[in-house]
Amino acid sequence: MKLFVDTGNLKEVETLAQLGILDGVTTNPSLLAKEGGDYRQILKQICQTVKGPVSAEVVATDAAGMVREGRDLAAIDEHIIIKVPFTKEGLKACRTLTSDGHRVNVTLIFSPTQAWLAAKVGAAYVSPFVGRLDDVGTTGMHLVREIVDIFDNADFATEVLVASVRNPIHVVEAARMGADVVTAPAAVIEQCFRHPLTDIGLERFLKDWEKAQAARV
Ligand code: E4P
């Protein structure tokens, strides 16, 4: 399973890219708005850093506007994936952009039928939002299982990109279910590193080593 970071923050992308664990980045209008500054420049720098797929979302709500914005975003860098919302207009735009040779991520997926319809129009990725489903009292990961099953049966090339991830359990479940990609905030990726027994174990190894060295002199 590929790991993307869900952020518009260049520093976070740089830090994770240096660790060699990062395959791509997802952004959205809220994340880029939080950063301020020139979003085109930020996206370009993120693309140059990660050298993998970077989703950038349109804000138009009509298909023609989405296509126009999508082409404009794609001109920023070869790594840009055009993100469109799951609406009828979004699907029309996805179809046009895909036949132009662009890769499209259909976002705001909350049902298996939405994912299936997006795959039918050639989406490169679908983004089910698991955390937001959990927030309203359903189990977001059930949606991922359904989409993975549907895509396996239909032999779609569309990748399942698990989004709106809130904790490492989402990451583990996504991997076990056979999702293609998980995109997580940097804070959740950080949690994936941590285990108190690793820290305790390392501390003990170093102390024992130090004691043995001191006994030798
Ligand atoms: C995915 O591409 C979205 O940017 C993101 O995962 C949304 O997550 P949120 O529900 O934490 O805002």
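Since the structure is predicted, the reported quantities are computational estimates derived from the model, not experimental observations.

*Asks:* Go over the site of the ligand, please, and point to the residues and values.
*Replies:* All residues in the neighbourhood of the ligand are listed as Asp6, Thr26, Asn28, Lys83, Phe129, Arg132, Ala163, Ser164 and Arg166. Within the contact set of the ligand, an oxygen atom lies 2.7 Å away from a side-chain nitrogen or oxygen of Arg132. For the ligand, the cavity whose grid points lie within 2 Å of the majority of its atoms is the largest pocket. Its residues assigned to classes, the shell around the ligand shows two nonpolar, three polar and four charged.

*Asks:* Would you mind going over the packing of aromatic side chains in detail, with residue names and values included?
*Replies:* The relative placement of two aromatic rings is captured by the distance of their centres and the angle of their planes. The final tally for this structure, using the stated rule, is three aromatic pairs. Measuring from ring centre to ring centre gives 5.7 Å for Phe110 and Phe129, while their planes differ by 65 degrees; the resulting arrangement is edge-to-face. Taken together, the residues span a long stretch of sequence, with Phe110 in the loop between β5 (104–109) and α6 (112–120) and Phe129 in the loop between β6 (125–128) and α7 (130–135) at a distance of 19 residues.

*Asks:* An account of the sheet that holds strand β3 (residues 54–57) is needed here, citing residue identities and associated values.
*Replies:* Around the barrel, which closes on itself, the eight strands sit in the order β1-β2-β3-β4-β5-β6-β7-β8 with parallel pairing between neighbours. Averaged over neighbouring strand pairs, the angle between their axes works out to 30 degrees when direction is ignored. The sheet contact formed by strand β7 (residues 159–162) and strand β8 (residues 181–184) spans two bridges and is parallel. Paired with Leu161 across the strands is Val181, a residue of β8. Strands β3 and β4 (80–85) of the sheet are contacted by helix α4 (residues 63–74), whose axis makes an angle of about 160 degrees with β4. Packing of helix α8 (residues 140–154) onto the sheet brings it into contact with β5, β6 and β7, and relative to β7 it is tilted by some 170 degrees.

*Asks:* How would you summarise α8 if you had to cite specific residues and measurements?
*Replies:* Under the 1.5 Å per step criterion, the end-to-end length of α8 is 22 Å for 15 residues, consistent within 8% with the ideal 21 Å. Listing the buried residues of α8 in full gives Gly140, Met141, Leu143, Val144, Ile147, Val148 and Phe151. Along α8, the residues classed as buried sweep out an arc of 145 degrees about the axis, all on the same side. In the core, the buried residues of α8 are packed alongside β5, α6, β6, α7, β7 and α9 (168–177). Asp155 sits one or two residues past α8 and shows a positive phi near 60 degrees.

*Asks:* Quick one: what's the story with the layout of surface pockets, residue by residue and with numbers?
*Replies:* Computed from the structure, the largest pocket encloses a volume of approximately 250 Å³. Contributing to the lining of the largest pocket are 16 residues, with Asp6, Asn28, Leu31, Arg132 and Ser164 lying nearest its centre. Of the residues contributing to the lining of the largest pocket, the split by class is five nonpolar, seven polar and four charged. Residue lining of the second largest pocket: 13 residues in total, with Leu32, Tyr39, Glu57, Val59 and Leu73 positioned closest to the centre. The set of elements that each furnish at least two residues to the lining of the second largest pocket consists of α2 (29–35), α3 (39–50), β3 and α4. Residues that form the lining of the second largest pocket fall into these classes: nine nonpolar, one polar and three charged.

*Asks:* Residues and numbers for the packing of α8 against α9, please.
*Replies:* Between two packed helices, what matters for the description is the angle formed by their axes and the separation of those axes. Two numbers describe how α8 lies on α9: the axes approach to 10 Å, and their chain directions differ by 20 degrees. Overall, the two elements α8 and α9 adopt an arrangement that is roughly parallel. Two packed elements cross with a definite hand, and for α8 against α9 that hand is right-handed. Counted together, Met141, Val144, Arg145 and Val148 of α8 and His170, Glu173, Ala174 and Met177 of α9 form the full contact between these two elements.

*Asks:* If you had to explain the side chain of Thr183 to someone new, which residues and values would you point to?
*Replies:* Note on placement: Thr183 falls in strand β8. Of the polar contacts made by the side chain of Thr183, one reaches the backbone nitrogen of Asp6; its length is 3.4 Å. Here Thr26 takes part through its side chain, which lies 2.6 Å from a polar atom of the side chain of Thr183. Those residues in contact with Thr183, other than ones at most four positions away along the chain, are Phe4, Val5, Asp6, Thr26, Leu161, Val162, Ala163 and Val165.

About the cut-offs
Residues numbered from 1 in each chain as written. Predicted model: local features only at pLDDT ≥ 70, side-chain atom pairs only at ≥ 80, totals over all residues. Heavy atoms only, no water. Near = heavy atom within 4 Å. Polar contact = N/O pair within 3.5 Å; in protein donor to acceptor, adjacent residues only side chain to side chain. 1 Å grid on protein atoms, 1.4 Å probe; cavity = no way out; pocket = protein on both sides within 12 Å on 5 of 7 lines; lining within 4 Å. Sits in = over half its atoms within 2 Å of the grid points. Nonpolar A, V, L, I, M, F, W, Y, C, P; charged D, E, K, R; others polar. Phe/Tyr/Trp six-rings, centres within 6.5 Å; stacked < 30°, edge-to-face > 60°. Helix = DSSP H or I, 4+ residues; strand = E, 2+ residues; numbered from the N terminus. Pairing = 2+ DSSP bridges. Axes fitted to C-alpha atoms, helices over the stretch in contact; angles between N-to-C directions. Contact = heavy atoms within 4.5 Å. Expected span 1.5 Å × (residues − 1). Buried < 20%, exposed > 50% of the residue type's maximum accessible area, 1.4 Å probe, protein only. Arc of directions from axis to C-beta. Points joined across faces, edges and corners; volume = space filled by probe spheres on them. Parallel < 35°, antiparallel > 145°, perpendicular 65-115°, else oblique. Left-handed = near helix turned anticlockwise from the far one by under 90°.

It is worth stressing that arrangement in space is one thing and function is another; only the former is reported here.
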